[in-house]
Structure formats: C-alpha cells, structure tokens
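Descriptive structure summary
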Amino acid sequence: MEHIAALLLVIGCSNTMADCRELQVPRSVFASAEQCLAERPFALGDVQGQADNIVAKCLAVDPALEDDYDKIVWNVRADGTLDASLAISSLVMASNAARPEKDYLHQQ
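Residues numbered from 1 in each chain as written. Predicted model: local features only at pLDDT ≥ 70, side-chain atom pairs only at ≥ 80, totals over all residues. Heavy atoms only, no water.

A look at the overall build of the protein
- Looking only at helices and strands, the protein features 1 helix and 6 strands.
- Its helices and strands taken in sequence order, the protein reads β-β-β-α-β-β-β from the N to the C terminus.
- For the protein, buried positions account for 27% of its 108 residues.
- Pairs at least 24 residues apart make up 57% of the contacts formed inside the protein by residues separated by at least 6 positions.
- By element, 51% of the accessible surface of the protein is carried by carbon and sulfur atoms, the whole surface being about 7,800 Å². (Helix = DSSP H or I, 4+ residues; strand = E, 2+ residues; numbered from the N terminus. Buried < 20%, exposed > 50% of the residue type's maximum accessible area, 1.4 Å probe, protein only. Contact = heavy atoms within 4.5 Å. Areas by Shrake-Rupley, 256 points an atom, 1.4 Å probe, with all protein chains shown as cover.)

Focus: the side chain of serine 32
- Within the secondary structure, serine 32 is located in the loop between β3 (29-30) and α1 (33-46).
- In this structure serine 32 comes out as buried when scored by relative accessible area, which is 18%.
- Setting aside residues no more than four positions away along its own chain, serine 32 makes contact with Ala5 and Ala6.

In structure tokens:
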C-alpha cells in the first residue's frame, strides 16, 4: 500500500471570494510533496471555468496519522490566500459503568 505524503486541495470561489467550495480534481493524493506541487498547475487547468477564482494548496500528510485524518479545515481570505490543514475530529465516547444490566424480560 502506497503512503500518502501530500493532498492537493482545490477551492473555487465567487468573484467576491464570499462563496467558496471544494472542487474535484482527477488526482488529489500523492506519494510526495514534489509530485503534488508538480501536478498543481495541471489540476488548476482541469477546473478552469468552474469558479471565478480558484486557489489550490498541497497539504502535507503525516504518515503516522494518515489513517486518522478525517477532515480538511480551510478558509479563503478576501485577498485570495488559502489557509488549510488536515485535522482529526475529537471523538468523545460516554459510558455509564453504574448502569444496571438489562434482561430481555424487563427492558428499561
């Protein structure tokens, strides 16, 4: 299995940069940051015309956390700067050790 070292994020925005959304590109994961950077201009060409303003960024993937990342956090500033990072959701599990066991005759 190939490890992912970089993810290409492409965002399309309105003319005022107020409405933005992620754009799909043919290839978005790469084995090296260099491959991602090399592909970036071609990906921008693939999505040309899908939005008034298009920005893209290669995000580094920590190999130790590769399977744990579950969201991309991004923001496009009014000047067109894309701030983005990969993140891991905070998962909180709750349990009650004092809960009485249920039996099938007397469900609570």
